[in-house]
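# Structural description and commentary
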Amino acid sequence: SGGVLTINKNCSLFTTAVTSVVFRLNTNDSSVYDTMTIVKLYDVTEINIGGRNLYRKTKVVNRSDWGNIGNWSTSETYNGFTVFARTGAWMGLYQDIQYEVGQTYTLSAYVQGANGAKLNFYLNGSGSVISTSFSGNDTLSNSWTRVWATFKVNGSDFNKPRFENPTDGATLKIYGFKLEKGNKA
């Protein structure tokens, strides 16, 4: 009855799971009403999309471009991509490139597992993981799944961001690596 409702982007009605609110506007006659939907819009200035793959030759690979390659086989292909396969723990693949201190990067790939393989993300030196698309405790399925990890380079000693399987005797397969600047894969 003449009241004012004020909602802004910081309103506690919105959460990461609730991004819209529907109000029912009643009149004195309960058979006459209207609804109003308010949707929270996000500030897109916080999104950085790199686009360009900073890794070299990730479709048909040159084995010498990859660190730890001696621990992986490359005898299989999928959708025209070389598939890396390894049975055993650790020894994740990486390429040596120059990273910019203060820059955010996202590493993505397609993965599948067998015999209880899991997926973790590791890096060496001064860096911090911002977010990943996986928990690290989930057992990988034998279906191809796209995964990603976003991280920030905090110092000049940063290197070797990589996906690894921590489970002995399990098989991890990976293809389609992409490393790009920004926080979106």
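Preceding this paragraph is the structure being described.
Numbering of residues starts from 1 in each chain and follows the order in which that chain's sequence is written. pLDDT decides what is reported in this predicted model: residues at 70 or higher carry local features, side-chain atom pairs at 80 or more are listed and counted, and totals for whole chains, interfaces and linings draw on all residues regardless. The basis for every side-chain value is the complete set of heavy atoms in the structure, and neither hydrogens nor water enter the calculation.

### Observations concerning the nonpolar core
When a protein is soluble and globular, its nonpolar side chains tend to lie buried together. Put simply, a nonpolar core is a bunch of buried Ala, Val, Leu, Ile, Met, Phe, Trp, Tyr and Cys residues held in one set by side-chain atoms that sit within 4.5 Å of each other. Relative accessibility thresholds used throughout: buried, under 20% of the residue-type maximum; exposed, over 50%; partly exposed, between the two (1.4 Å probe, protein chains only). Counting 30 residues, the largest nonpolar core has Tyr 55, Tyr 99, Phe 151, Phe 163 and Phe 177 as the members making the most contacts within it. Counting from the N terminus, the helices are the DSSP runs of H or I reaching at least four residues and the strands are the DSSP runs of E reaching at least two. Secondary-structure elements contributing two or more residues to this core are strand S5 (104–114), strand S8 (145–153) and strand S10 (171–181).

### Overview of the packing of aromatic side chains
Aromatic rings from Phe, Tyr and Trp, taking only the six-membered ring of Trp, are treated as a pair when their centres fall within 6.5 Å; an angle between ring planes under 30 degrees marks them as stacked, one over 60 as edge-to-face, and anything in between as tilted. Counting across every chain of the model gives 18 aromatic pairs. Arranged with centres 5.3 Å apart and planes meeting at 20 degrees, the rings of Phe 151 and Phe 158 form a pair that is stacked. Take Phe 151: its relative accessible area is 0%, and that puts it in the buried class. A relative accessible area of 5% means that Phe 158 is categorised as buried. A ring is considered to have a charge above it if a Lys NZ or an Arg CZ atom is located within 6 Å of its centre and within 35 degrees of its normal. Above the ring of Phe 81, the side-chain terminus of Lys 59 is found at 5.3 Å from the ring centroid.

### With respect to the side chain of Thr 58
Looking at where Thr 58 falls in the secondary structure, it is placed in the loop between strand S2 (33–39) and strand S3 (73–78). In this structure the side chain of Thr 58 is engaged in a polar contact, spanning 3.4 Å, whose partner is the side chain of Asn 53. Here, two residues are considered to be in contact whenever any of their heavy atoms come within 4.5 Å of each other. Discounting chain neighbours no more than four positions away, the residues touching Thr 58 are Asn 53, Trp 66, Phe 81, Gly 176 and Phe 177. Under the rule applied, a polar contact is a pair of N or O atoms within 3.5 Å (in protein, one hydrogen donor and one hydrogen acceptor; residues adjacent in sequence only if both atoms are side-chain atoms).

### A few points about the environment of Val 153
Relative to the elements of secondary structure, Val 153 occurs in strand S8. Using a relative accessible area of 1% as the deciding quantity, one classes Val 153 as buried. Among all residues touching Val 153, those that are not within four sequence positions of it are Tyr 99, Glu 100, Val 101, Gly 102, Gln 103, Tyr 105, Ser 126 and Phe 158.

### Observations regarding the sheet that holds S3
Here, a strand pair is defined by DSSP locating no fewer than two bridges between the strands. Read from one edge of the open sheet, 6 strands run S3-S4-S10-S5-S8-S7, paired in antiparallel fashion. Both edges of this open sheet fall to S3 and strand S7 (127–132), since each of them pairs with a single strand only. Each strand axis lies, on average, 35 degrees off the axis of its neighbour in the sheet, ignoring direction. Pairing geometry for S7 and S8, over 5 bridges, is antiparallel. Residue Val 129 lies in a different strand from S8, and its bridge partner there is Phe 151. A fitted line through C-alpha atoms serves as each axis, taken over the contacting stretch for helices, and the angle formed by two N-to-C directions is quoted from 0 to 180°.

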